[in-house]
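# A closer look at the structure
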Amino acid sequence: MKVDQPLLERIRGIGDSLPETPVVRLRHPHLDLFAKLEFCNPGGSSKDRSAYWILRRAVERGDVREGTAVAESSSGNFALSMASFCRLLGLTFIPVIDPNVNAATERQLRLLCDRVEKVAEADATGGYLKARLARIQELRADIPPLYWPNQYANTDAVYAHEHATGAELCRVLPALDYVFVGVSTAGTIAGLSTRVKQEFPGARVVAVDSEGSAIFGSPSRPRRIPGLGSSLVPPLLSKALIDDVVIVPEAEAAEGCRRLLSRHGIFAGGSTGSVYAAISRYFTGRETAGRPAVAFLCADRGGAYSDTLYDPAWVHHVLNADSVLPPVGTEVTAG
């Protein structure tokens, strides 16, 4: 298909202005612990990386031109990133969301997008992913021309996290023994693990998933925290180089968020809380040589989770939990 050159020039210009996100060292008694602050992306999350490169490649191929609508299924951050880029480019974006979306995220999407599709009925797994994907296919039939990024299988997302996120992390750190990555669409872990294994062949990649997710073979069941896990095994998972898997209950994700904020001043979202909790789970009682260098991503900010994960009443009533990790101000240590 013919490439829309003015649109291509505009999206390349956007790419030139995207920042490199910082890596900060966090205090830990037994680990050299580093957090890459992906919430410093303009759209507020790591999904800016995949959304930008998926959209740019689509423009370069001629799949997206002026007048093309874009629609995608998303639990929140990818939709926000795509909505922002499409707004900058003058393109129509239609997010397909579900009842688990954070209220603040939904409000922002409705401000950015002229049309928002919200599915209401859960699928057979008790989740909404299959219902969202079915609605995408209906939109593709009803709105030509419409481009579906398909973030669950699009290898441009892998490229984004290999050549942007992963390259930045590896350039900053002189050594890396472990990297912990939350998994949903698997684009982030596929790209990041590829780059990490190239630069630090001995590093171990630890995938973090949510209890109730089907990604690593467990039965799917309803989950309440968006951004981590899936009721389907994402095709991009086959491209990830994974050494270990840690499954984190959602109540532990909430406590991980609370501890990350109290101990380090980082106000992060649910997937980051899960990953931070996974680090404690993984190293508790584990023998380590010296001080391993450990890195993880802070995928998004915690603002959208203020009424959920950071609200003790919500955690108590919805997740049926109170404190499940050590009190704020303490740190689980390695063996």
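Residues numbered from 1 in each chain as written. Predicted model: local features only at pLDDT ≥ 70, side-chain atom pairs only at ≥ 80, totals over all residues. Heavy atoms only, no water.

## Focus: the pairing of strand β2 (residues 32-37)
Burial of β2 is extensive: six of the six residues sit out of reach of the surface. Where burial is concerned, the two faces of β2 agree: the one with D32, F34 and K36 and the one with L33, A35 and L37 are both buried. Where strand β1 (residues 23-26) folds back onto β2 in an antiparallel hairpin, the turn is made up of five residues. Note: β2 against strand β10 (residues 293-298), six bridges, orientation parallel. Across the sheet, residue K36 finds its bridge partner in β10, namely L297. (Buried < 20%, exposed > 50% of the residue type's maximum accessible area, 1.4 Å probe, protein only. Helix = DSSP H or I, 4+ residues; strand = E, 2+ residues; numbered from the N terminus. Pairing = 2+ DSSP bridges.)

## Thoughts on the packing of helix α2 (residues 47-61) against helix α3 (residues 77-89)
In contact at an axis separation of 8 Å, α2 and α3 are set at 45° when each is read in the N-to-C sense. Between α2 and α3, the interaxial angle falls into the category oblique. Both α2 and α3 take part in a crossing whose hand is right-handed. Contact residues: K47, D48, S50, A51, Y52, I54 and L55 in α2; N77, F78, S81, M82, F85, C86 and L89 in α3. Its residues placed into classes, the contact of α2 with α3 shows nine nonpolar, three polar and two charged. (Axes fitted to C-alpha atoms, helices over the stretch in contact; angles between N-to-C directions. Parallel < 35°, antiparallel > 145°, perpendicular 65-115°, else oblique. Left-handed = near helix turned anticlockwise from the far one by under 90°. Contact = heavy atoms within 4.5 Å. Nonpolar A, V, L, I, M, F, W, Y, C, P; charged D, E, K, R; others polar.)

## With respect to the domain arrangement of the chain
When the domains of the chain are assigned, the result is domain 1 (47-147) and domain 2 (161-319). Every contact between the two is made by 15 residues of domain 1 and, on the other side, 20 residues of domain 2. When the two sides are added together, the surface that domain 1 and domain 2 hide from each other amounts to roughly 1,400 Å², 47% of it contributed by carbon and sulfur. Looking at the side of domain 1 facing domain 2, the largest losses of area belong to R49, N100 and N102, adding up to 38% of the total buried there. The tally of links from domain 1 across to domain 2 stands at one salt bridge. Here E168 ties to R49 by a salt bridge, and the two come within 2.9 Å at their closest N and O atoms. Our enumeration of links across domain 1 and domain 2 arrives at four residue pairs in polar contact (both at pLDDT 80 or more). When contributions to the side of domain 1 that touches domain 2 are tallied by element, the ones reaching two or more residues are α2, α4 (103-112) and α5 (129-142). (Domains from an automatic or database assignment. Buried area = accessible area lost by both parts, 1.4 Å probe. Salt bridge = Lys/Arg side-chain N within 4 Å of Asp/Glu carboxyl O. Polar contact = N/O pair within 3.5 Å; in protein donor to acceptor, adjacent residues only side chain to side chain.)

## Quick notes on the environment of A120
Its place among the elements puts A120 in the loop between β5 (117-118) and α5. Distance from A120 to I266, taken between C-alpha atoms, is 33 Å for residues 146 residues apart in sequence. Here A120 is in contact with P99 and Y128, once residues within four sequence places are set aside.

## Here's the deal with the sheet that holds β5
One open sheet holds the four strands; their spatial order is β5-β4-β3-β6, and the pairing between them is parallel. Pairing within the sheet leaves two strands with one partner each, and these edge strands are β5 and β6 (146-147). Against the sheet, α5 touches β3 (69-73), β4 (92-97), β5 and β6, its axis set at about 165° to β3.

## Thoughts on the pairing of strand β9 (residues 244-248)
Side chains of β9 alternate between two faces, with D244, V246 and V248 buried and V245 and I247 left unburied. Here strand β8 (residues 204-210) pairs with β9 via five bridges, running parallel. Along β9, the bridge assignment pairs S210 with V248.

## Notes on the packing of aromatic side chains
Summed over the entire model, instances satisfying the criterion amount to 10 aromatic pairs. Plain terms: the ring middles of F267 and Y310 are 4.7 Å apart, the flat faces sit at 65° to each other, and that makes the pair edge-to-face. Here F267 is found in the loop between α8 (250-264) and α9 (270-283), whereas its partner Y310 is found in the loop between β10 and α10 (312-318), with 43 residues between them in sequence. Ring centres of Y282 and F283 lie 5.1 Å apart, and the angle between their planes is 80°; on these two criteria the pair is classed as edge-to-face. Of the residues examined, F283 reaches a relative accessible area of 2% and is grouped as buried. Clustering of aromatic rings is evident, with ring pairs tying together Y52, W53, F85 and Y159. The ring of Y282 is capped by R286, whose NZ or CZ atom sits 3.7 Å from the centre of that ring. (Phe/Tyr/Trp six-rings, centres within 6.5 Å; stacked < 30°, edge-to-face > 60°. Lys NZ or Arg CZ within 6 Å of the ring centre and 35° of its normal.)

## Overview of the side chain of S45
Tracing the backbone through its elements, the reader meets S45 in the loop between β2 and α2. Setting aside chain neighbours within four positions, we find S45 in contact with E38, F39, N77, S81, A299 and D300.

## Digging into the UniProt feature "domain: Tryptophan synthase beta chain-like PALP" (unreviewed entry) in the chain
Sequence positions flagged by UniProt for "domain: Tryptophan synthase beta chain-like PALP" (unreviewed entry) are, in local numbering, residues 20-297. Taken end to end, residues 20-297 has its terminal C-alpha atoms 13 Å apart, with 40% of it in helix and 17% in strand. (UniProt positions renumbered as here; feature names shortened; annotations may be inferred.)

## Focus on the pattern of salt bridges
Evaluated as defined, the whole model comprises 24 salt bridges. Note that D32 is salt-bridged to R291, the shortest N-O span being 2.9 Å. With D32 in strand β2 and R291 in the loop between α9 and β10, the pair connects residues that are 259 residues apart, well separated along the chain. The class for D32 is buried, based on a relative accessible area of 18%. Assessed through its relative accessible area of 38%, R291 is described here as partly exposed. The shortest N-O distance in the salt bridge between K197 and D243 comes to 2.6 Å.

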